[in-house]
There are 2 protein chains.
Amino acid sequence: MRIAKSVQALTPYVPGEQPKSRNVVKLNTNENPYPPSPKVAQVLAGYDLDRLRRYPDPVFMELRRLIAGIWGTVPERIFVGNGSDEVLTVAARAFVDDDEAIGSCDPSYSLYKTLAAIRNVPFVPSPLGPGFSWRAPVVRGAARDVALFLLTNPNAPTSIRYGRDVVADFAKGFPGVVIVDEAYADFADADCTSLATAPDNRNVVVMRTLSKSFSLAGLRLGYCIGPEDLIEAMYKVKDSYNVDAVAQDVACAALSDLDWMRANVAKVVKTRAETAAELRRRGWDVPESQSNFLFAKPAHRPAAEIFEALRARGIFVRYFPGPETGDRLRITIGTDTDMKTLLTALEELDK
Amino acid sequence: MRIAKSVQALTPYVPGEQPKSRNVVKLNTNENPYPPSPKVAQVLAGYDLDRLRRYPDPVFMELRRLIAGIWGTVPERIFVGNGSDEVLTVAARAFVDDDEAIGSCDPSYSLYKTLAAIRNVPFVPSPLGPGFSWRAPVVRGAARDVALFLLTNPNAPTSIRYGRDVVADFAKGFPGVVIVDEAYADFADADCTSLATAPDNRNVVVMRTLSKSFSLAGLRLGYCIGPEDLIEAMYKVKDSYNVDAVAQDVACAALSDLDWMRANVAKVVKTRAETAAELRRRGWDVPESQSNFLFAKPAHRPAAEIFEALRARGIFVRYFPGPETGDRLRITIGTDTDMKTLLTALEELDK
């Protein structure tokens with residue numbers, strides 16, 4: 001008693017380092033280097049304190065209508081959470097029984113394994129193909145069926161996107177629920193969101209976040225789109241007031257200014273192409289990124305060594321040890337100045 | 001598959017009605033009628049958008065240090081959640097195994113039963129004594145031990161406070177974890193918080209919220225204090241970034257202005273005494289309230305009838321049908337003007 005047995009054994013998820021100093025080049029947690037829409041500042045500046053005094057709308061209808069409008073669907077297909085983290089936690093409650101399992105590709109977002117541990121069900125990893133390419137997932141492990149498959153697309157940390165047809169085919173033959181985590185989809189050439197809004201969709205839930213393309217990681221706002229019966233089940237098991245009043249209002253402001261987001265995304269995509277080209281010119285292995293980061297294998301020195309040397313110079317990237325990930329660095333795309341600083345430092349390290 | 005079996009059977013918690021119109025007297029969800037500290041407006045007005053662009057501090061150290069200072073304890077004893085709702089959800093993960101149960105007094109906060117259903121463990125209600133008084137809890141039901149006992153103090157909806165010694169005695173003999181939900185404690189003559197900060201505390205977690213006394217229901221900020229090993233277990237199973245940047249900063253501002261909160265509480269307590277006295281004068285049964293609401297039994301007409309008649313006049317209170325609660329209305333203490341409007345309406349209804 002006191003602490004649950006499953007929790008005693010649990011290894012917690014460790015988020016990327018958040019250095020206190022602002023005097024660093026921070027390319028380690030996939031934040032957007034550009035600020036959120038000025039409409040966000042407007043909402044906060046004149047904020048009506050009476051909205052803080054009262055409970056927020058527990059089912060955030062205004063925000064859901066706005067999201068539904070963007071994707072050409074109905075509010076009944078929209079669920080909103082305190083970040084995608086919470087959307088996933090709620091999904092793990094709604095779609096997984098105690099005797100089932102959670103699966104994802106491997107490598108993929110490392111939080112998924114922790115999510116399964118917290119839900120106290122096994123995690124079933126599905127190895128990817130060569131060069132982190134798509135391979136049909138394993139949907140049964142240790143005598144249990146995978147009831148929820150978490151599919152980051154574009155994938156993290158690999159930066160690679162799977163095609164819409166591949167995802168549709170997999171979902172079609174899968175008896176459980178597929179969550180397509182499209183955290184990075186605004187940085188990609190195409191997405192799978194239409195699978196979620198399709199009238200005959202039975203089991204695909206597409207998840208989006210305002211953390212990356214909308215430059216609002218600090219706000220904690222994620223949402224998902226799916227079949228009405230699945231979305232209804234999520235509302236049944238969420239906390240009563242899971243999205244606060246400020247987050248609802250700021251999200252509405254940001255989602256009303258898609259042009260601002262798209263302009264920032266265009267800048268990131270341009271910088272991404274230039275940075276990837278330069279690293280490849282220097283002999284690094286850099287898969288074609290469809291996200292706001294590169295998953296890069298250094299040419300001449302081990303990734304761990306470069307990670308530490310950059311850190312000592314106030315440049316933060318994320319290090320992924322092998323073997324699945326092949327000893328790589330995940331480098332968030334910052335401003336052109338950030339990337340110039342990085343490339344200069346890497347050049348000096350190569351000397 | 002698709003929707004979990006336990007979720008299919010689940011009846012969701014229904015929060016109090018949030019009428020859209022502001023042209024109502026809203027005495028149904030225990031909100032504070034006075035605005036939050038002006039320091040809150042200052043924080044929002046000049047908000048640094050760079051704090052929204054980046055991920056928030058996942059373990060909210062500044063806020064924890066501030067809370068620890070208020071209660072004379074250390075940050076290692078403080079956990080913070082996206083509202084008390086989330087603190088409870090995290091506790092249900094951290095302190096309850098799949099073959100255990102969750103308990104609370106009956107009547108108490110009706111969310112607790114839903115919380116157990118979402119956690120997919122049985123809920124064991126403990127009947128109160130006469131006049132909603134303390135009675136030793138039932139800590140075993142249906143061949144399962146209660147691992148987590150949720151003790152609202154002052155209790156809701158009864159408004160009655162249990163003494164510190166009674167709570168301490170119960171916790172001492174209880175092998176599981178006791179969460180003392182002190183959502184209303186700022187409106188009471190005394191509290192149990194020192195049980196949580198005591199060096200030899202083994203199993204008492206005291207929970208506080210900014211929703212009521214700090215007038216910040218819209219912010220979603222709850223926290224708890226407890227033994228370090230229990231608090232550590234809660235951090236292990238929380239979502240990675242569960243408290244957003246704005247909520248962390250606004251909470252710091254509000255908690256730095258305790259005088260403002262205390263002045264508002266003093267006004268509510270004065271209005272409470274006057275309203276209770278007037279209702280008693282009219283023959284209503286009104287237990288001694290230690291919260292920001294009254295749990296009142298009408299003198300001449302059924303509570304349900306009065307509830308509907310008030311609603312038709314734009315006055316919202318909460319109706320609790322019997323038998324445990326004895327056909328009562330839970331009336332939030334509003335401003336003096338709100339209560340005058342209520343009392344005048346009730347007088348007309350009594351004619």
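Keep in mind it's a predicted model, so treat the numbers as computed, not measured.

A. Spatial organisation of the overall build of chain A. Helices and strands together make up the secondary structure of chain A, namely 13 helices and 13 strands. Relative to the 2.2 N^0.38 estimate, which gives 20 Å for 351 residues, the radius of gyration of chain A is 20 Å and therefore close to what a compact globule would have. When its C-alpha atoms are laid out on the principal axes, chain A stretches across 60 × 55 × 45 Å. Long-range contacts, defined as pairs at least 24 residues apart, comprise 71% of the intrachain contacts of chain A with a sequence gap of at least 6. Of the roughly 12,700 Å² that chain A leaves accessible, carbon and sulfur atoms contribute 52%. A distance of 3 Å separates the average location of the 43 positive side-chain charges in chain A from that of its 44 negative side-chain charges.

B. Here's a closer look at the pattern of salt bridges. Summed over the entire model, instances satisfying the criterion amount to 38 salt bridges over all chains. The shortest N-O distance in the salt bridge between A:Glu305 and A:Arg301 comes to 3.0 Å. Relative accessible area serves as the criterion here: at 39%, A:Glu305 is assigned to the partly exposed category. As a salt-bridge pair, B:Lys26 and B:Glu31 come within 2.7 Å of each other at their nearest N and O atoms. B:Lys26 sits in the buried class, given a relative accessible area of 11%. Taking the relative accessible area as the measure of exposure, B:Glu31 reaches 5% and is therefore buried.

C. Structural detail: unusual backbone geometry. The omega torsion of the bond from A:Asp106 to A:Pro107 falls at 5°, within 30 degrees of zero and hence cis. Relative to the helices and strands, A:Pro107 is located in the loop between β3 (101-106) and α6 (111-119). One non-glycine residue, B:Asn30, lies in the positive phi region at around 55°. The residue B:Asn30 is located in the loop between β1 (25-26) and α2 (38-45) in this model. In this model, B:Asp327 sits at a positive phi of 55°, which is unusual for a non-glycine residue.

D. Local environment of the confidence of the model for chain A. Residue-level pLDDT values for chain A average 95, and 100% of them are 70 or greater. Here the predicted complex carries an ipTM of 0.96, next to a pTM of 0.96.

E. Layout of the relation of the copies chain A and chain B. For these two chains of identical sequence, chain A goes onto chain B by a turn of 180° and a shift of 0.0 Å along the axis, with RMSD 0.0 Å. The two molecules are tied by a two-fold rotation axis, judged by turn and shift. It is A:Ala45 whose C-alpha, among those of chain A, lies nearest the rotation axis, at 2.0 Å. Interface overlap between copies is the fraction of interface residues in one copy that are interface residues in the other; for chain A against chain B it reaches 99%, indicating a shared surface.

Reading the values: rules and limits
- Residues numbered from 1 in each chain as written.
- Chains lettered and ligands numbered in written order.
- Predicted model: local features only at pLDDT ≥ 70, side-chain atom pairs only at ≥ 80, totals over all residues.
- Heavy atoms only, no water.
- Helix = DSSP H or I, 4+ residues; strand = E, 2+ residues; numbered from the N terminus.
- Rg over C-alpha atoms; globule rule 2.2 N^0.38 Å.
- Contact = heavy atoms within 4.5 Å.
- Areas by Shrake-Rupley, 256 points an atom, 1.4 Å probe, with all protein chains shown as cover.
- Lys, Arg positive; Asp, Glu negative; His and termini not counted.
- Charge placed at Lys NZ, Arg CZ, Asp CG, Glu CD.
- Salt bridge = Lys/Arg side-chain N within 4 Å of Asp/Glu carboxyl O.
- Buried < 20%, exposed > 50% of the residue type's maximum accessible area, 1.4 Å probe, protein only.
- pLDDT = per-residue confidence, 0-100.
- Least-squares fit on C-alpha atoms with pLDDT ≥ 70 in both.

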